[in-house]
Amino acid sequence: MNTPWATVDAEVIERVDEVIARTIRPMAAEVDGASVFPADAVADLAASGLGVMLMPAELGGTATSSATYAEAMMRIAAECGATSTVYMTQMHCAHPIHLQGSKPQIESWLPRICDGSAVGAIALTEPSAGSDVGAMRTVARRDGDAYVVNGEKTFISNGDRADVIVLFATVDPAQGKRGVTAFLLETAGLEGFEAGPPMKKLGQKGASTVTLAFQDCRIPASARMGAEGEGYPLLLRSVVRSRISAAAQGVGFATGAFDATVAWAAERDMLSSRTAAAQDLQFELARLRGEITAARAMLLSVCDLVDARGDDEPVAEVSLVKLHCTALGTTVAAACVELLGPDGDLVAAGAERRLRDAKIAEIYDGTNQIQSMLVARDIRQSVTATAAPRAT
Ligand SMILES: Cc1cc2nc3c(=O)[nH]c(=O)nc-3n(C[C@H](O)[C@H](O)[C@H](O)COP(=O)(O)OP(=O)(O)OC[C@H]3O[C@@H](n4cnc5c(N)ncnc54)[C@H](O)[C@@H]3O)c2cc1C
């Protein structure tokens, strides 16, 4: 993954590599094995000026290109899936605040998320609403100069650690998507709010994922981000960046599994041997490296497209890259586990962890079925747009 890419800032990536060597790599096995929240790793990233890379420098961010962010995420995910998830969640919280927060919300929270003194979360999913945003049942009812929130969110990354949460709730369930409204919640001393214990999961085990319960939870009206009903468009814009994160994780997990397999093969002199078994392995490694290289190029070029298009986000291309790269993470990691034979099952070999981490990235940030639907819709629209008018 050392091939230069014009829009990737090499100096920033050098700093990322330093944090990886210093903190992320040494802790990765323990973070997974003992489900340790990777607070040290995320703090080290922030202390190295990498807290939230896509935010402007005046708010404490690194103001990098999307390609630089994706390259960093690939490298972090290759080493430790949980760290990459906690780290990207900081960005997923900061990004909607930056897009639609009030001046006080932006000035109060973004510098703190960027410097790592505040942990952020974003809460959309409910037990019966995630893919189907219109089915959202967490209600925020206006009451004088406040809103009263009731309902439950689930599968919320960083939810039990968060100082600040971007909450999507509906002001009126009957309005479907048009009722969805965004709020910025400060969790300190917040009454009627409770985070559940970390869920026990397949992978990314150190990354905390929890339920959030709201019971007559009163928040000031000034906590609203944008107008009532402006939550759904904000959500659509937010997922463009979060799907880039998931795609980068997919390539990262594939790379982590690949590197573990190469190290395993090198130890057994299988990279230079000309036996039939060794050559089969070498050819399979060559094929997997080609797949990873192609996915990385696809991801970085979509990142460049995201930056070039500004507010006119390339939704279908981002869905394509999320779909392709997260699926690749699972197939490459599974192929690596298989190449290792029985050692593929061993925690010490390092491939099984990447396979467990990779599978989940196909599910969050919009499942890959939902990404397929969005791409299919784009194909349909492109046909409609280019269809010649019928002769009458
Ligand atoms: C580790 C982890 C971390 C997460 N972090 C967060 C977070 O920080 N914040 C947050 O808000 N959420 C988070 N989520 C939730 C995640 O984004 C959602 O679970 C995911 O988007 C799926 O939505 P859902 O739960 O509504 O599933 P459902 O929509 O109920 O999906 C169930 C199945 O049905 C399929 N399906 C649904 N609709 C259709 C359709 N129309 N056509 C075809 N198939 C369909 C899905 O593809 C899936 O296979 C996280 C999830 C996990 C596992």
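Residues numbered from 1 in each chain as written. Predicted model: local features only at pLDDT ≥ 70, side-chain atom pairs only at ≥ 80, totals over all residues. Heavy atoms only, no water.

Undergrad: If you had to explain the state of the cysteines to someone new, which residues and values would you point to?
TA: As used in these notes, a disulfide is a covalent bond between sulfur atoms, one from each of two cysteines. Under the defined criterion, the tally for this structure stands at zero disulfides. Between cysteine 217, a cysteine without a disulfide, and cysteine 93, which holds the nearest cysteine sulfur, the sulfur-to-sulfur distance is 16 Å. Note on cysteine 217: relative accessible area 0%, which makes it buried. A disulfide-free cysteine, cysteine 303 has its sulfur positioned 9.2 Å from the sulfur of cysteine 325, the nearest such atom. Relative accessible area serves as the criterion here: at 0%, cysteine 303 is assigned to the buried category. (Disulfide = S-S within 2.5 Å. Buried < 20%, exposed > 50% of the residue type's maximum accessible area, 1.4 Å probe, protein only.)

Undergrad: Would you mind going over the site of the ligand in detail, with residue names and values included?
TA: Not every one of the 19 residues close to the ligand is listed here, only the nearest: Thr125, Ser131, Phe155, Thr367 and Gln369. Leucine 124 places a polar main-chain atom, nitrogen or oxygen, 2.8 Å from an oxygen atom of the ligand. Between the ligand and serine 131 there is a distance of 2.5 Å, counted from an oxygen atom to a side-chain nitrogen or oxygen. For the ligand, whose accessible area on its own is 970 Å², the fraction buried by protein is 63%. Of all the secondary structure elements, the ones that give two or more residues to the shell around the ligand are strand E1 (120–123), strand E3 (146–157) and helix H10 (368–386). Here the shell around the ligand is built from residues that sort into eleven nonpolar, seven polar and one charged. Two domains each put at least three residues into the shell around the ligand: domain 2 (120–229) and domain 3 (232–381). (Near = heavy atom within 4 Å. Polar contact = N/O pair within 3.5 Å; in protein donor to acceptor, adjacent residues only side chain to side chain. Areas by Shrake-Rupley, 256 points an atom, 1.4 Å probe, with all protein chains shown as cover. Helix = DSSP H or I, 4+ residues; strand = E, 2+ residues; numbered from the N terminus. Nonpolar A, V, L, I, M, F, W, Y, C, P; charged D, E, K, R; others polar. Domains from an automatic or database assignment.)

Undergrad: Just give me the short version of the environment of lysine 201, but keep the residues and values in it.
TA: Along the chain, lysine 201 falls in the loop between strand E6 (193–195) and strand E7 (209–220). For lysine 201, a relative accessible area of 22% corresponds to the partly exposed category. Those residues in contact with lysine 201 that lie beyond four places of it in its chain are Ala207 and Thr209. A polar atom in the side chain of lysine 201 sits 3.1 Å from the backbone oxygen of glutamine 204. A polar side-chain atom of lysine 201 sits 2.8 Å from a polar atom in the side chain of threonine 209. (Contact = heavy atoms within 4.5 Å.)

Undergrad: Hey, could you go over the pattern of salt bridges for me, with residue numbers and the actual values?
TA: Per the stated rule, a full pass over the model turns up 19 salt bridges. Of the charged contacts in the structure, one is a salt bridge between arginine 75 and glutamate 71, with a shortest N-O distance of 2.9 Å. Of this pair, arginine 75 and glutamate 71 both sit in helix H3 (residues 66–79), four residues apart, which is roughly one turn of that helix. The same class applies to arginine 75 and to glutamate 71, which are both buried. We classify glutamate 71 as buried; its relative accessible area is 1%. (Salt bridge = Lys/Arg side-chain N within 4 Å of Asp/Glu carboxyl O.)

Undergrad: Explain unusual backbone geometry residue by residue, including any values.
TA: Of note in this structure, glutamine 204 is not a glycine but carries a positive phi near 45°. Inspection of the secondary structure puts glutamine 204 in the loop between E6 and E7. Residues other than glycine seldom take positive phi values, yet aspartate 216 does so here, at roughly 45°. Summarising the element assignment, aspartate 216 is placed in strand E7. Accessibility expressed as a relative area gives 54% for aspartate 216, which makes it exposed.

Undergrad: Go over the domain arrangement of the protein, please, and point to the residues and values.
TA: Accessible area lost upon the coming together of the parts serves often as the stated size of an interface. Each assigned domain of the protein is listed with its residue range as follows: domain 1 (10–114), domain 2 (120–229) and domain 3 (232–381). Between domain 1 and domain 2, the residue contacts involve 21 residues of the former and 21 residues of the latter. When domain 1 packs against domain 2, the two sides together hide about 1800 Å² of surface, and 65% of this comes from carbon and sulfur. Interface area lost by domain 1 to domain 2 is led by Phe37, Gln105 and Trp109, which between them contribute 33%. For the interface between domain 1 and domain 2, the tally reads zero salt bridges. In this structure, the connection of domain 1 to domain 2 is made through six residue pairs in polar contact (both at pLDDT 80 or more). (Buried area = accessible area lost by both parts, 1.4 Å probe.)

Undergrad: Please provide a residue-by-residue account of the pairing of strand E4 (residues 164–170), values included.
TA: For E4, the tally of buried residues reaches seven of seven residues, placing the bulk of the element in the interior. Judged by which residues are buried, E4 turns out to be covered on both faces: Val164, Val166, Phe168 and Thr170 on one side and Ile165, Leu167 and Ala169 on the other are all buried. As defined by bridge partners, E1 adjoins E4 across four bridges and the pair is classed as parallel. If you follow alanine 123 over to E4, its bridge partner there is leucine 167. Relative to strand E5 (residues 180–186), E4 runs antiparallel, the two sharing seven bridges. When the bridges of E5 are listed, alanine 169 appears paired with threonine 181. (Pairing = 2+ DSSP bridges.)

Undergrad: Explain the nonpolar core to me, and be specific about the residues and the numbers.
TA: Counting residues in each nonpolar core, the largest one holds 96 residues, and the members touching the most others are Tyr69, Ile97, Ile113, Phe168, Ile244 and Leu299. Element by element, the count of residues in this core is highest for helix H6 (residues 231–267), at 14 residues. If sequence neighbours within four positions are ignored, isoleucine 113 has contacts with Val52, Gln90, Cys93, Ala94, Ile97, Ala118 and Val164. Core analysis: the second largest hydrophobic core is formed by 22 residues, Ile156, Phe183, Phe193 and Ala221 among them. (Core = buried A, V, L, I, M, F, W, Y, C linked by side-chain atoms within 4.5 Å.)

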